[in-house]
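As a plain string of letters, each chain reads:
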Amino acid sequence: MTRRMAFTLVELLVVIAIIGVMVGLLLPAVQSARESARRMSCSNNMKQLGLALHNYHSTHNVFPPAMFASGQLNNNINLAIPVKNTTGWAMLLPFFEEQAAYDQYNFNVCSSSSRRTGYPAYAPVLGNDTMNQAIYGRRYSVLECPSHVDAGQSHTVNAGTEQLYSLRDAKRTSYFFSSGQYNDENSVYSNLAARRIRGIGAFGVDASAKFADITDGTSNAIAFGESRGGRTKADPNWGPWGLAGTRTCCMGVVMADNNTAVPGTPITYNATHQRDYHINSSYNNDPQRRQFAWTFGSQHPGGAQFTMCDGSVTFLTNSLDYLTLIRLAYILDGEAVTIP
């Protein structure tokens, strides 16, 4: 009689258990490898953006504004410049290999109708938010971190209106221009720079810095930083939004107290600044750990990546001393800093 060879039930269960244990051991390693690949891809994006910035500066002898003709300004209103909400990413298009998109973009009209209301003498919005939709409504892989789960998501709200948040077919992106203590509703950059305000960053409204303006050194000043929009922000209308110029679309902010202090006076900050503006911070202690509008952060474990003004890319952790982040964000605070 021929005997049939087979596993007993106990042996089969043991084999299944062993396979389960092996999968459990290997899965974290696989996930870690995937995140490492995503982080490297993100780093390559940021290096490409740093190179684009340097090439732009070589051509124009200045950085592009984070936003030009912002509809959010609440002081120093320039009635001679109609609202366009043109973002710095649109100006950088040919420098990260998007010359065709740049040639199609109409810089004489707006990207978004978004503007502050309640100012009767406010400059009008130039054109409408459909005229550049073919360009700002596209996805640009260099502006999207693969770890950012909502990158590339389309968003429309108050389209065609002059509401505070007005977006038509905007695409979520993953990077902010570093603007120090100021955002798209504050004074134009030239006014702040002329007063030698210590809290300015490398970028601003209607203008930005030159290399010569960065007295702290280009390796010690942030140019771009990661930010995560969508479900990880406390308000879904908050950016980054890439080429769609609306409120909170483009500028990453790090707040402190005495930004106007004379050189030599230490910069200070309070607990609220650190709570709301640190890397991957939770806005107002949000239990879901969602962030504030202009805050830097990412979905990489433990921190976020930043492009410095010299073009290098560095990873800054959530545990970074907040004062160090302030010093890296401000380009002429005059305080020594060492990147960990």
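Since we're looking at a predicted model, the values are computed, not measured.

Criteria and cut-off values
Residues numbered from 1 in each chain as written. Predicted model: local features only at pLDDT ≥ 70, side-chain atom pairs only at ≥ 80, totals over all residues. Heavy atoms only, no water. Helix = DSSP H or I, 4+ residues; strand = E, 2+ residues; numbered from the N terminus. Contact = heavy atoms within 4.5 Å. Areas by Shrake-Rupley, 256 points an atom, 1.4 Å probe, with all protein chains shown as cover. Disulfide = S-S within 2.5 Å. Pairing = 2+ DSSP bridges. Axes fitted to C-alpha atoms, helices over the stretch in contact; angles between N-to-C directions. Salt bridge = Lys/Arg side-chain N within 4 Å of Asp/Glu carboxyl O. Buried < 20%, exposed > 50% of the residue type's maximum accessible area, 1.4 Å probe, protein only.

Looking at the overall build of the protein
- What the protein contains, in helices and strands, is seven helices and nine strands.
- Look at the contacts in the protein between residues 6 or more apart in sequence, and 68% of them connect residues 24 or more apart.
- When the accessible surface of the protein is summed, it comes to about 14900 Å², and 54% of that surface belongs to carbon and sulfur atoms.

Details of the state of the cysteines
- A complete count under the given rule lists one disulfide for this structure.
- Between the sulfur of Cys249 and that of Cys250 lies a disulfide, 2.1 Å long from S to S. Residues Cys249 and Cys250 are joined by a disulfide whose S-S torsion is about -85°; by sign, that bridge is left-handed.
- Note on Cys145: no disulfide assigned, nearest cysteine sulfur contributed by Cys42 at a separation of 3.3 Å.

Section: the sheet that holds strand β7 (residues 251-252)
- Ordered in space as β7-β5-β6-β8-β9, the five strands form an open sheet in which the pairing is mixed. Because the sheet does not close on itself, it has two edges, and the strands there are β7 and β9 (313-317).
- Most of the contacts of helix α7 (residues 322-329) go to strand β6 (residues 222-226), to which it runs at about 125°, and overall it touches β5 (175-178), β6, β8 (303-308) and β9.

Re the pattern of salt bridges
- Counted under the stated rule, the structure contains 13 salt bridges.
- Put simply, Glu35 and Arg38 hold a salt bridge, and the shortest N to O gap is 3.4 Å. Residue Glu35 and its partner Arg38 are located together in helix α1 (residues 9-60), separated by three residues, close to a single helical turn.
- The exposure class of Glu35 is buried, given its relative accessible area of 12%.
- Relative accessible area serves as the criterion here: at 31%, Arg38 is assigned to the partly exposed category.

A look at the pairing of β9
- Sheet topology note: the β8/β9 ladder contains five bridges and is antiparallel. The residue bridging Thr307 from the neighbouring strand is Val313, located in β9.
- Here β8 folds back onto β9, and the loop between the two strands holds four residues, one of which, Gly311, carries a positive phi near 95°.

Quick word on the pairing of β5
- As judged from the three bridges shared by β5 and β6, these two strands associate in the antiparallel manner. Among the inter-strand pairings, Phe177 is bridged to a residue of β6, identified as Phe224.
- Bridge analysis of β5 against β7 gives two bridges, and the strand direction is parallel. Paired with Phe177 across the strands is Met251, a residue of β7.

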